[in-house]
Amino acid sequence: MANRLLVHFFAVLHLVIDKLLYICLKWYWGPSRQRCATLQRKRMIVTYSAVELARMIRTREVSCYDVISAFIDRLNEVNPLVNAVLDGPFIEALDEARHIDEQLAQGAIGDAEFASKPFLGVPFTTKDSTAVKDRLHTLGITARRGVKANNDAECVRLMKEAGAIIIATTSIPEINRWQETRNNIIGQTNNPFDVRRTVGGSSGGEGALLATCGTAIGLGTDIGGSIRMPAFYCGVYGHKPTTGVINTRGCSLRTGREPSTMVVAGPMTRYATDLLPLMKVLVGPEKSATLRLDEQTDVRKLRYFYIPESGDIKCSAVQPQLQQAMDRVVQHFSKLVPGGVQKVTLSGTEKTTNMWRYWMTQEPANFGTLLGNGKPLSPLVELAKKLTGRSEYTMASIYSLMDSLLPQEKEDVIKEMTRRCDQELTELLGDDGVLFYHSTTHTAPYHYAAFVNVYNFSYWCLFNVLHVPATQVPLGLDGDGLPLGIQVVASRNRDRHCLAVAEEIERMFNGRIAPFIVD
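Residues numbered from 1 in each chain as written. Predicted model: local features only at pLDDT ≥ 70, side-chain atom pairs only at ≥ 80, totals over all residues. Heavy atoms only, no water.

## What about the sheet that holds strand β8 (residues 264-269)?
- The 11 strands lie next to each other as β1-β3-β2-β6-β8-β7-β12-β13-β11-β9-β10, forming an open sheet whose pairing is mixed. Two strands bound the open sheet, and with one partner strand each, they are β1 (85-87) and β10 (341-343). With direction set aside, neighbouring strand axes in the sheet form an average angle of 30 degrees.
- Relative to strand β6 (residues 217-222), strand β2 (residues 123-127) is paired through three bridges, and the arrangement is parallel. Across the sheet, residue Thr 126 finds its bridge partner in β6, namely Leu 219.
- Across the sheet, helix α3 (residues 64-82) touches β1, β2 and β3 (165-170), and the angle it forms with β3 is around 10 degrees. (Pairing = 2+ DSSP bridges. Helix = DSSP H or I, 4+ residues; strand = E, 2+ residues; numbered from the N terminus. Axes fitted to C-alpha atoms, helices over the stretch in contact; angles between N-to-C directions. Contact = heavy atoms within 4.5 Å.)

Right, dumping it as structure tokens:
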């Protein structure tokens, strides 16, 4: 009885706090809901999927130069509103495109080259923390404002080998550790659906550019939702792969040989159908075979489950419109498969943030040292500097630094909790199970709301703790015109199931809606 009363008390408290926060921030940011620039019909090429663009370039239905030029123009058009680009656009991309067109015209590229370069001539972007040779690699901190990468990150190298052309790098929160994309180099990145709202973090620049058609492909990284959060808030697709299947060398100064980490690199797209071909590029032939990415997945032969809420009292209640979005997906798959969709629970979901917080302390890189560009920082000293106007860091980073002053999680308790949750999920899903799980509790909140509702990201970070694949799928808009969505989760190395189900949801619901009008 006491436990139920406590849960009820926190639920009511959250409702009150959320309502007051919404009212205050709505007043603070004002009534404007400015959206991104109208797209001219003659430039619809920027709305096409990456796979379709590659096909059109390959068959010379459109020149590579025209494609790259159109995306650079669109990027320049939308960036003043969303403020997503940290370095670029790279004009050299036009020279690469011109060279590809010349080779195609001369017949110098044959079937073998096309097979090894499935994204020949297609533009892509990546977050600043993922190294691109000779381009800014700041990690969002002012001490690295002019630092450039010496080499490409492995995922960038693979994309270039696949024929894709890098056109820009995008903004991140400092050292990727915050739920909003803001730094003291270029400032705040805005949601294209409503500039008063967040794009999330840490791949927020990628989410904003994809939604506005400023790029065709995005590369993100994810340690606690950093691919899926921006994908959700911006209404696009994002896939967090099984941990370890994509080499993270060059991502946030990583070597790619870290023995234990929650960090993954993965693709972000406007179309679910682009995710699988991109995964094949990013994992490489050997791991593609291990993941059986070439096998067809019959979604009618999978088993389905859903969890309607995490039970974490530190989180807000899930919005009714997000519950309704999940209900639509559950109803569709209940009709599609004989076994229907089963409602389940998992041990430990109510302590997700505790698990994630502990496992972050086991990461090979220390946030405070990375933030100090190699020099450990004192949370109290940095807070004092911030309060006196002398800090070079955002309040979000100092807020994150302060976590080290709080009591640490009990190691034995957390390890056992993680083991049980992992075991239950593995046994539940097996080789052919898929779990539907909420993305978070609210659609894109106002800027700065994360300082109060800091734990709402737990719906994403659970799957970093468990090292399983999860795909973020858009499902239309809520009453405020903000993207809805859902996560599709499978057991380790069953990424193909997530991607196949995402394609089925895309086919059925066509849930991605652009934040602009076409004229």
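## Here's the deal with the layout of surface pockets
- What the largest pocket holds in volume is close to 1,200 Å³.
- Lining the largest pocket are 47 residues, with Arg 177, Trp 356, Met 360, Ser 400 and Asp 403 sitting closest to its centre.
- For the lining of the largest pocket, the elements supplying multiple residues, two or more each, are β6, α11 (352-361), α12 (367-371) and α14 (395-401).
- Among the residues forming the lining of the largest pocket, the class breakdown is 21 nonpolar, 18 polar and eight charged.
- What lines the second largest pocket is a set of 34 residues, among which Asp 18, Tyr 22, Gln 319, His 442 and Thr 443 lie closest to the centre.
- Where the lining of the second largest pocket is concerned, the elements lending two or more residues are α1 (2-29) and α10 (320-336).
- The element contributing the most residues to the lining of the second largest pocket is α1, with six residues.
- Of the residues in the lining of the second largest pocket, the class split is 17 nonpolar, 11 polar and six charged. (1 Å grid on protein atoms, 1.4 Å probe; cavity = no way out; pocket = protein on both sides within 12 Å on 5 of 7 lines; lining within 4 Å. Points joined across faces, edges and corners; volume = space filled by probe spheres on them. Nonpolar A, V, L, I, M, F, W, Y, C, P; charged D, E, K, R; others polar.)

## A word on unusual backbone geometry
- With an omega of 5 degrees, the peptide bond between Gly 88 and Pro 89 qualifies as cis.
- Along the chain, the position of Pro 89 falls in the loop between β1 and α4 (92-105).
- With an omega dihedral of 10 degrees, the bond running from Gly 201 to Ser 202 counts as a cis peptide bond.
- Its location among the elements puts Ser 202 in the loop between β5 (187-188) and α7 (204-211).
- Of note in this structure, Arg 60 is not a glycine but carries a positive phi near 65 degrees.

## As for a nonpolar patch on the surface
- Residues Leu 6, Phe 9, Leu 13, Ile 17 and Val 452 make up a contiguous nonpolar surface patch of roughly 410 Å² in combined accessible area.
- Residue placement: Leu 6 occurs in helix α1. (Patch = residues over 30% accessible without salt bridge, like charges linked within 9 Å, V, L, I, M, F, W, Y side chains within 5 Å. Areas by Shrake-Rupley, 256 points an atom, 1.4 Å probe, with all protein chains shown as cover. Salt bridge = Lys/Arg side-chain N within 4 Å of Asp/Glu carboxyl O.)

## Let's talk about the packing of α10 against helix α17 (residues 495-509)
- Contact pair α10 / α17: the axes reach a minimum separation of 11 Å and the direction vectors enclose 105 degrees. As judged from the angle between their axes, α10 and α17 are roughly perpendicular. The residues of α17 that touch α10, namely those facing Arg 328, Val 329, His 332, Phe 333 and Leu 336, are Val 501, Glu 504, Ile 505, Arg 507, Met 508 and Phe 509.
- Residue composition of the contact of α10 with α17, by class: seven nonpolar, one polar and three charged. (Parallel < 35°, antiparallel > 145°, perpendicular 65-115°, else oblique.)

## A look at the nonpolar core
- Tyr 304, Leu 435, Phe 436, Val 501 and Ile 505 are the most contacted members of the largest nonpolar core, which totals 141 residues.
- Among the elements that make up this core, the one with the highest residue count is α3 (10 residues).
- In contact with Leu 435, other than residues within four places in its own chain, are Phe 305, Tyr 306, Ile 307, Val 344, Leu 425, Leu 429, Phe 463, Gln 487, Val 488 and Val 489.
- In this structure, Leu 139, Ile 141, Phe 367 and Ile 398 belong to the second largest nonpolar core, which totals nine residues. (Core = buried A, V, L, I, M, F, W, Y, C linked by side-chain atoms within 4.5 Å. Buried < 20%, exposed > 50% of the residue type's maximum accessible area, 1.4 Å probe, protein only.)

## Some points on the environment of Ser 334
- With respect to the element layout, Ser 334 can be found in helix α10.
- The exposure class assigned to Ser 334 is partly exposed, which follows from its relative accessible area of 31%.
- Counting along the chain gives 147 residues from Ser 334 to Gly 187, while the straight-line C-alpha distance between them is 45 Å.
- The residues touching Ser 334, leaving out its near neighbours within four places in the chain, are Gly 340 and Val 341.
- Of note is the side chain of Ser 334, whose polar atom sits 2.7 Å from the backbone oxygen of Val 330. (Polar contact = N/O pair within 3.5 Å; in protein donor to acceptor, adjacent residues only side chain to side chain.)

## Examining the packing of aromatic side chains
- All chains considered together, the criterion is met by 17 aromatic pairs.
- Taken together, a centroid distance of 5.0 Å and an interplanar angle of 85 degrees make the contact between Tyr 28 and Trp 29 edge-to-face.
- When its relative accessible area of 51% is taken as the criterion, Tyr 28 is described as exposed.
- Arranged with centres 5.2 Å apart and planes meeting at 45 degrees, the rings of Phe 333 and Phe 436 form a pair that is tilted. Of the two residues, Phe 333 is situated in helix α10 and Phe 436 in strand β11 (residues 433-437); the sequence distance between them amounts to 103 residues.
- An aromatic cluster is defined as three or more aromatic residues linked by ring pairs; in this entry it consists of Tyr 28, Trp 29, Trp 178, Tyr 399, Tyr 448 and Phe 451.
- The ring centre of Phe 516 lies 4.8 Å from the NZ or CZ of Arg 74, which sits over that ring. (Phe/Tyr/Trp six-rings, centres within 6.5 Å; stacked < 30°, edge-to-face > 60°. Lys NZ or Arg CZ within 6 Å of the ring centre and 35° of its normal.)

## Some thoughts on the side chain of Thr 212
- On the secondary structure map, Thr 212 appears in the loop between α7 and β6.
- Among the residues examined, Thr 212 registers a relative accessible area of 0% and is labelled buried.
- Polar contacts involving the side chain of Thr 212 include one to the main-chain carbonyl oxygen of Leu 209, which spans 3.2 Å.
- Excluding residues that lie within four positions of it along the chain, Thr 212 makes contacts with Cys 36, Arg 74, Val 78, Val 82, Pro 192, Pro 515 and Phe 516.

## Quick look at the pattern of salt bridges
- If you walk through the whole model with that rule in mind, you get 29 salt bridges.
- The partner of Arg 74 in a salt bridge is Glu 77, and the shortest N-O contact between them spans 2.8 Å. Of this pair, Arg 74 and Glu 77 both sit in helix α3, separated by three residues, roughly a single helical turn.
- Look at the salt bridges and you will find they share partners, linking Glu 154, Arg 157, Glu 161 and Arg 249 into a network.

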